[in-house]
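Given next are the chains, with one letter for each unit.
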Amino acid sequence: MTRKKTSTTDPLVAASDLPNYPALLGELTQLLESSRRAAARAVNAAMTATYWEIGRRIVEVEQAGEDRAEYGQGLVKRLAEDLSSQFGRGFSERNLLYMRRFYQRWPIPQTVSAELKSPHSDETTSTEQSRKFILPWSHYLTLLSVESDQACGFYEKEAIRGGWSIRQLKRQINSQFYERTLLSRNKGAMLKGGQAPLPTDMVLPEEEIKDPLVLEFLDLKDEYSESDLEEALVHKLENFLMELGGDFAFVARQQKLRIDDEWFRVDLLFFHRRLRCLVVVDLKLGAFTHADAGQMHMYLNYAKEHWQLPHENPPVGLILCASKRKTLAKYALDGLPNKVLAAEYRTKLPDEQLLVHELEEARRLLDMRNEGKSNTVGEN
């Protein structure tokens, strides 16, 4: 009996032909995941050290001003404008205030500060800072929301001791773990139980790399969506609105905004020339709920405060739901201070039935495309 030789030109070899393959694959998977986490930790260490140093220098310059309150406010605002123009995202006035608070709440001995000033002490600076700031910047940003110094110190120590992810830290703070531990008769059991993570606390390596704070610090683009379906629908909707005429001017896709320490994304942001206002578009893959309306109004309040220019009208929101059970286009106009303006919005923006039809057609074409791909894979 002649043994059949395996072709060396085959692109894939069956796992059964390689007895050590499962172990090799497992080792490489673990290696890549650990390397990704190490890369994220290294970026976070550098980011935390940098933001602390920015906060320190702001405070020191403020203290040298004659009128500290007025001087400090003007200083931070000017720095935000200049740093943002040079380095892009991440250096807004609010972020610089966070960095200042970070330094004020986590001061470092003068010996370490002196090393930070040296232009030849990069390695020493990184080592000293990593000893002091073991947690990532996102953790310290969350801890800044804890008003009590005792509670803040408790959560910091427990997060370091247990290696808490940012999700676990937020969960413990929101559940008042510190206060519950103080009131507990068996504090040891409380502390031990608090270290156990829940499945929802886990953060994948790719999530750590794609953390908005990390991407913002590295000035990397962050234009990705949570699902292929959502990405395709947003792209189709973008083209459709642009084809309605010259009134819609495209501003951004997946526009990020941060409220406190939470990140949100606006699917599409347009400017309507005739209405002279921003149009915030949010796409939901499920059926419309009251939470969607609340979130849209939050977006509009944020846009009015941070994105609207002085000569523009208040922004308007458009919620599109792409559920197979129910497709709904809804204008978030209720609550606008000017009812006449709201009525004008309704006449200038696209007809709701037209939007519903376009969304249903986009969904149908995408389903057909996906079915075609499945059939092709099955035939192969």
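Details of the structure are given in the entry above.
Keep in mind that this is a model prediction, so the values were computed, not measured.

Moving on, we come to the side chain of H139. Relative to the helices and strands, H139 resides in helix α6 (residues 137-143). Residue class for H139 comes out buried when judged on its relative accessible area of 4%. A polar atom in the side chain of H139 sits 2.9 Å from the backbone oxygen of W164. Only 3.5 Å separates the side chain of H139 from the backbone nitrogen of I166, close enough to count as a polar contact.

So, about the environment of A159. Structurally, the position occupied by A159 is in helix α7 (residues 149-162). Here A159 falls in the buried class, since its relative accessible area comes to 1%. Not counting residues within four places of it along the chain, the set of residues in contact with A159 comprises L135, W164 and L169.

Turning to the nonpolar core, a few remarks are in order. Inside soluble globular proteins, nonpolar side chains tend to come together where they are buried. Counting 39 residues, the largest nonpolar core has W137, L143 and Y155 as the members making the most contacts within it. Secondary structure elements with two or more residues in this core: α1 (21-63), α2 (68-87), α3 (93-105), α6, α7, α8 (166-174), α9 (177-183) and α12 (212-217). Of all the elements, α1 adds the most residues to this core, at seven residues. Core analysis: the next-biggest nonpolar cluster, separate from the first, contains 28 residues, A329, L341, Y345 and L366 among them.

Our next topic: the sheet that holds strand β4 (residues 316-322). Read from one edge to the other, the open sheet built from five strands follows the order β1-β2-β3-β4-β5, with strand pairing classed as mixed. The sheet is open, and its two borders are formed by β1 (248-259) and β5 (327-332), each paired with just one other strand. Strand-to-strand twist in this sheet, taken as the mean axis angle between neighbours without regard to direction, amounts to 25°. With six bridges joining them, strand β3 (residues 277-284) and β4 adopt parallel strand pairing. Bridging from a neighbouring strand, L283 pairs with L320 of β4.

Here is what the cut-offs are and how they apply
- Residues numbered from 1 in each chain as written.
- Predicted model: local features only at pLDDT ≥ 70, side-chain atom pairs only at ≥ 80, totals over all residues.
- Heavy atoms only, no water.
- Helix = DSSP H or I, 4+ residues; strand = E, 2+ residues; numbered from the N terminus.
- Buried < 20%, exposed > 50% of the residue type's maximum accessible area, 1.4 Å probe, protein only.
- Polar contact = N/O pair within 3.5 Å; in protein donor to acceptor, adjacent residues only side chain to side chain.
- Contact = heavy atoms within 4.5 Å.
- Core = buried A, V, L, I, M, F, W, Y, C linked by side-chain atoms within 4.5 Å.
- Pairing = 2+ DSSP bridges.
- Axes fitted to C-alpha atoms, helices over the stretch in contact; angles between N-to-C directions.

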